[in-house]
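Observations on the three-dimensional arrangement
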Amino acid sequence: MEFPPQLRYTTSDEWLHVQGREGVVGITDHAQDQLGDIVFVELPEIGRQVKRGEAFGVIESVKAVCDLHTPVDGEVIARNDALTDAPELVNRSPYADGWMIRLRLSDPAQATELRDAAAYQAALPAAPAH
Amino acid sequence: MSHDGDVGARLAFDRGAPGRRAVDVARWEGTPAALPPPGLLRDAVRLPELSQGELVRYYTELSGRNFGVDSGTYPLGSCTMKYNPKVDDLVASLPAFAEAHPLAPAATMQGTLRTLAELAAMLGELTGLPAVGLAPAAGAQGELAGMLMVRRALERRGDLAGRRRVLVPDSAHGTNPATAAMAGFEVTEVPSGPDGSIDQQALARTLDGDVAALMVTVPNTLGLWERGIEAVAARVHEAGALLYGDGANLNAILGRVRFGDLGFDVVHLNLHKTFSTPHGGGGPGAGPVCATPALAPFLPAPVVTEDADGSLRLVRPEHSIGQLQQFHGSIGVLLRAHAYIRSLGIEGLRAVSANAVLNANYLRALLEGSYALPYQRRALHEVVFSGSPQRREHGVRTYDIAKRLIDYGFHPPTVYFPLIVEEALMIEPTETESRESIEAFAAALRAIAEEAERDPDLLHAAPRHAPIGRLDEAGAARRPVLRWQPPAQPAEPRDER
Amino acid sequence: MTAGGGAPTPYIPNTDADRALMLARLGIDSIETLFDDLPAALRDPAIALPPALAEAELMRLLARRGAQNAAGERPSFLGAGAYRRSIPAITAHLVSRSEFATSYTPYQPEISQGTLQAAFEYQSVVCELTGMEVSNTGMYDVASATAEACLLAARVTGRRALALLEPLHPGTADVVRTYAFGAGLRVDTLSAPQAMTAEHACLVAQQPDFLGAIRDLESVAGAAHDAGALCIAVADPFALGLLRAPGDAGADLVTGEGRDLAGPPGFGGPSLGIFAARERFLRQLPGRIVGRTRELAREGHEPRTGYVLTLQAREQFIRRERATSNFSTGQALLALAFTISVQALGPQGLRRAAELCYQRAHDAAARIGALPGFAIVERGPWFQEFLVRGPLPPAELARRLAAREITAGLDVSARPEPEARDALLFCVTEATAPEHVDALVAAMGTIGARS
Ligand SMILES: Cc1ncc(COP(=O)(O)O)c(C=O)c1O
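Residues numbered from 1 in each chain as written. Chains lettered and ligands numbered in written order. Predicted model: local features only at pLDDT ≥ 70, side-chain atom pairs only at ≥ 80, totals over all residues. Heavy atoms only, no water.

This next bit is on the packing of aromatic side chains. With the rule as written, the count across this model stands at 19 aromatic pairs over all chains. On the basis of an interplanar angle of 85 degrees and a centroid distance of 5.2 Å, the ring pair of F410(B) and F441(B) is categorised as edge-to-face. A residue pair is termed long-range when its members are at least 10 positions apart, and F410(B) in the loop between α13 (398–407) and β11 (414–415) and F441(B) in helix α14 (residues 435–454) qualify at 31 residues. Among the aromatic side chains, those forming a connected cluster through ring pairs are F77(C), W382(C), F386(C) and F426(C). Positioned over the ring face of F181(C) is R152(B), at 4.0 Å from the centre of the ring. (Phe/Tyr/Trp six-rings, centres within 6.5 Å; stacked < 30°, edge-to-face > 60°. Helix = DSSP H or I, 4+ residues; strand = E, 2+ residues; numbered from the N terminus. Lys NZ or Arg CZ within 6 Å of the ring centre and 35° of its normal.)

Written out as structure tokens, the structure reads:
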């Protein structure tokens, strides 16, 4: 399982990729693996203001459903509509094609409060053999 | 069972031929009245056209692709898949009961009303909660009735505004929290302790003056007795809240201890589970509520009442939460439950709980060592194992174990519930399984545990001997196909103008 | 009951010998030990139940009870939500197959294709009849399905009031109020769709309405939509053999009662709540939904078509307190019966049966209306129910008919609609025996001549 070093991570298994004053959000490889086959992703309207920790959407697999939490404050400026027809992109490519929303960050400094890849990985439960 | 051919690809809609029919309809011979104006009428309706024999063959073929209790062992935990006496079906289908119109005057329905009144009295006696409402259509609707009664009772005493929360243990069936939400409450989950009962300290911390009720399943969904429930009841009442009981697991304690004596205010029962209605592929059921006399005025409508002259009729309790169905409830299921109780009597019902619990413990003993037992306590009506060693050590999931059981000719147990047990296998044999069939089921599960070590891929590929193999459930949810549609027409010839 | 160490009941196989073996394996000598966790002070209470009955005795008891019901035998002209239908003989035959009857919710699709494929047939039939795009596998009954539809409307519109268009079945209105009490929604009763406001999440309209008249659903749906609300049509699925599909007329959600086509009225239950919707509400639907899919790929094997429960993330066992409903056990066997009846009738049969119902009812009404002292209340087009005013007050007329062993139509004289004043709501369907209608007309003629 991969956890790219350039990303920041939440305790609820989302990642944030800061690109200047913007950031892209998705869920981690671990999260997609735990959920199993993802069948539906509900994303917010463009223009919505979201606050750190708040749910911005919902993700469903065959047997589970979870809220998606925004890692930082910001305004939604884009969303990955490809997930409507192909939610499996989140399973296949959690860090690239499976991205969810792009935010205009209210306060880029908030990102530094998130975990780095090593800390996120260290906090994961031991994986079963599979 | 025929295994070849793609039966699923051909619905009734895809079979037959235009002009065939399965039944004749009489013709109107008189002078016809004018039909309503065309704007109110429909176009043709698309329905299959099959001869009677073809239609019967099709549904008979489908029935062959199903597994019921009458087919074999069906130890689906929490569902009490016991053998259902055929005489109970026969009783419910007697024309004198089955042909009655729901609004038939009470004077013409005394036989049915007497039977329902007797059922209510017997359920009151069995639960120790004498105020009984028979209207709810299933367990979940019984829960809704009970929680709305709680809401109404709090409203009547001017205490609703301050009591917004309902406490639900983390082992509860999903209908419990969903019901509490439908009844207008916020749900607080209460953790279970290491012995599988409610964590008393956690409960004490969250049980405040803003709690409307605690919902508890007895015995709980781990198949375990809820230790200290009488003390919990006292504490709940001290806090001014009510104690709701999920009685779906009554089979375990029939005749041995009563909800009312334990301090519950209101419980629902699943008659289709404990009191013998064939589960019908998912219903119908019935979920009566039994309550203390103090809650009687809030019961769902209608209830049967007896007048001074001994005649019976249906009435609406004084502060009823209202009706739950357009008419009076699942009468056919109620009649079956009545017949079942009358045919067994109290000794027979005690034998039910005795043998249900004995069977579950026997199964537990036969499987101990092959699967992990998260709670080292005596089981009641069901036993919950965990397949997590199999998952950790061999990469075999409980899902795979369940599928492999199909190859051995058994219906798999409930899996992945309760949520607090990883890789849960929840097994409820019921009292109607024989010792030999329990031994055979246990032998199959033990063999599967060995296969998991030796040949995990055998399990990953199971079932091999079923009408169909594993299905693409993710595909079904990603691109839902939810109804028949006519085969695509060839593209319209292009207009060449 | 354990005479001679045998099995305690015909349904419990364990004998004393079995029990002894099993207890030995558990290392205990009494089953009572297994209940040691139960509080000792409360154990084994005295419970007074009538004595046990052997099968033959039970049948005698219930035959006696049945004889105290007079309702099944007599001519009856009650409708008002429960309509006698001519059910094809194959329906009862097929649903009694124990592979269907004794299975449960199809959690294991590999050995539940019978239930699942039949449920897919059901969803297809419901969509065809109602003109909707999606259907669940059925709910408890029409009234609770309608209440669930109202909750859906409140969720998607974010509005806190419901509008019920009269005349609506009082049982349906009652159940909507019960569910609304839990959800904290206000329920308003409207006598015309124009009374809709921007507070209303939905407008509930029955087709045909409670007093029997066929509505112009298009104008009802239009009024709902003008107010930004959803239109919920509560339609009789049998009448939809003749009447315009509610989906065609603009309804957003359709509910209905399927019991009448599944079997005899059974004093009102178990029933079958039809619930169908526009596709855009799919993820808001309560209840179970079956979807079509294929086998997972296996080497050397062409994947076959199969059916599964799907879109389950809506449901209580996954979403718990945030589920769209607490719905769990439903009415699968009635849904199967409904499907078989409708498919047996087929497209022509259903239309012809609906027209036969229409003609028999209109003929009976014409004969009654021609009797001196009797009148049929004029309400525009109607299907199978009509309002009768007689020479006597409705309750008295019903009593006189009852004295002749005829059950009159429902007394609706206490309702608010002017047309219901002094009226009984009579119902005649394709399954009403012609000689029962003759008996009614004769009895009314005599009563009319005497008063
Ligand atoms: C413990 C428990 N509670 C409640 C229910 C809900 O009952 P029903 O399915 O009849 O709605 C069930 C079964 O599904 C159950 O097992």
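So much for the structure itself; the text now carries on.
Let's shift gears to the sheet that holds strand β10 (residues 383–386) of chain B. All names here are of chain B. Read across the open sheet, the three strands follow the order β10-β12-β11; overall the sheet is antiparallel. The open sheet has two edge strands, β10 and β11, and neither has a second partner. Across two bridges, the pairing between β11 and strand β12 (residues 424–427) is antiparallel. Following the sheet pairing, T414 is matched in β12 by M426. In this fold helix α11 (residues 331–367) packs onto β10 and β12, with an angle of close to 20 degrees to the strand it touches most, β10. (Pairing = 2+ DSSP bridges. Contact = heavy atoms within 4.5 Å. Axes fitted to C-alpha atoms, helices over the stretch in contact; angles between N-to-C directions.)

Take the environment of R74(C) next. With respect to the helices and strands, the residue R74(C) is situated in the loop between α2 (55–67) and α3 (89–95). For the pair R74(C) and A92(C), spaced 18 residues apart in the sequence, the C-alpha separation amounts to 23 Å. When residues no more than four places from it in sequence are discounted, the contact partners of R74(C) are T108(B), A402(C), E405(C), T407(C) and H436(C).

Assigned domains of chain B: these are domain 1 (1–49) and domain 2 (86–343). Using only C-alpha atoms to locate each centre, domain 1 of chain B and domain 2 of chain B end up separated by 42 Å. (Domains from an automatic or database assignment.)

The interface is formed by 183 residues belonging to chain C together with 200 residues belonging to chain B. Regarding the contact of chain C and chain B, the summed buried area is about 16500 Å², with carbon and sulfur atoms giving 63% of it. Across the contact surface, chain C and chain B share nine salt bridges. Between R46(B) and E128(C) there is a salt bridge, with the nearest N and O atoms lying 2.9 Å from each other. In this structure, the connection of chain C to chain B is made through 89 residue pairs in polar contact (both at pLDDT 80 or more). The biggest single contributor to the side of chain C that touches chain B is helix α11 (residues 332–369) of chain C, with 25 residues. (Buried area = accessible area lost by both parts, 1.4 Å probe. Salt bridge = Lys/Arg side-chain N within 4 Å of Asp/Glu carboxyl O. Polar contact = N/O pair within 3.5 Å; in protein donor to acceptor, adjacent residues only side chain to side chain.)

With that out of the way, let us pick up the environment of D457(B). Looking at the element boundaries, D457(B) is found in helix α15 (residues 456–460). Sequence separation of D457(B) and D400(B) is 57 residues, and the distance between their C-alpha atoms is 9.4 Å.

Right, let's get into the interface of chain B and chain A. Counting residues at the interface gives nine residues for chain B, matched by 12 residues for chain A. The junction of chain B with chain A conceals about 880 Å² of combined surface from both sides, 53% of it contributed by carbon and sulfur atoms. If you look at where chain B meets chain A, you find three salt bridges. The residue E88(A) makes a salt bridge to R479(B) at a minimum N-O spacing of 2.9 Å. Elements with a minimum of two residues in the side of chain B that touches chain A: α12 (388–394) and α16 (473–478) of chain B. Looking at the side of chain B that touches chain A element by element, the count peaks at four residues for α16(B). Class assignment of the residues belonging to the side of chain B that touches chain A gives a composition of two nonpolar, two polar and five charged. (Nonpolar A, V, L, I, M, F, W, Y, C, P; charged D, E, K, R; others polar.)

Let us look at the site of the ligand. If you check the shell around the ligand, you find 15 residues, and the closest are S78(B), D246(B), K273(B), S328(C) and T329(C). Around the ligand the close residues trace back to chains B and C. Here an oxygen atom of the ligand and a side-chain polar atom of H272(B) are 2.8 Å apart. Contact distances for the ligand include 2.7 Å between an oxygen atom and a side-chain N or O atom of S328(C). Here the ligand loses 99% of its free accessible area of 380 Å² to cover by the protein chains. If you tally residues by element for the shell around the ligand, the top one is helix α5 (residues 139–156) of chain B, at three residues. (Near = heavy atom within 4 Å. Areas by Shrake-Rupley, 256 points an atom, 1.4 Å probe, with all protein chains shown as cover.)

Moving on, we get to unusual backbone geometry. Residue P167(C) is reached from E166(C) by a cis peptide bond, and omega for that bond is -5 degrees. With respect to the helices, strands and loops of the structure, P167(C) is situated in the loop between β2 (161–165) and α7 (170–183). Look at the link from G269(C) to P270(C): it is a cis peptide, with omega at 5 degrees. Summarising the element assignment, P270(C) is placed in the loop between α9 (259–262) and β7 (273–277). Positioned with a positive phi, T80(B) is a non-glycine residue whose angle comes to about 45 degrees. Residue position: T80(B) is located in the loop between α1 (52–63) and α2 (86–93). In this structure T80(B) comes out as buried when scored by relative accessible area, which is 0%. One non-glycine residue, Y416(B), lies in positive phi territory at about 60 degrees. Position of Y416(B) relative to the elements: it lies in the loop between β11 and β12. (Buried < 20%, exposed > 50% of the residue type's maximum accessible area, 1.4 Å probe, protein only.)

This part takes up the nonpolar core. Residues L123(B), L271(B) and F275(B) are the most contacted members of the largest nonpolar core, which totals 108 residues. Element by element, the count of residues in this core is highest for α11(B), at 20 residues. Of all hydrophobic cores here, the second largest spans 80 residues; its members include M147(B), M215(B), V134(C) and A153(C). (Core = buried A, V, L, I, M, F, W, Y, C linked by side-chain atoms within 4.5 Å.)

Turning next to the pairing of strand β3 (residues 22–27) of chain A. Walk down a regular strand and you will see the side chains alternate between the two sheet faces. All names here are of chain A. Within β3, five of the six residues are buried, which leaves the element mostly enclosed by the surrounding structure. With six bridges connecting them, strand β2 (residues 14–19) and β3 associate as antiparallel partners. The partner of E14 across the bridge, within β3, is I27. Adjacent in sequence and paired antiparallel, β2 and β3 are bridged by two residues, among which G20 carries a positive phi angle near 65 degrees. Bridge count for β3 against strand β9 (residues 101–105) is four bridges, and the pairing is antiparallel. By the bridge assignment, E22 is partnered in β9 with R104.

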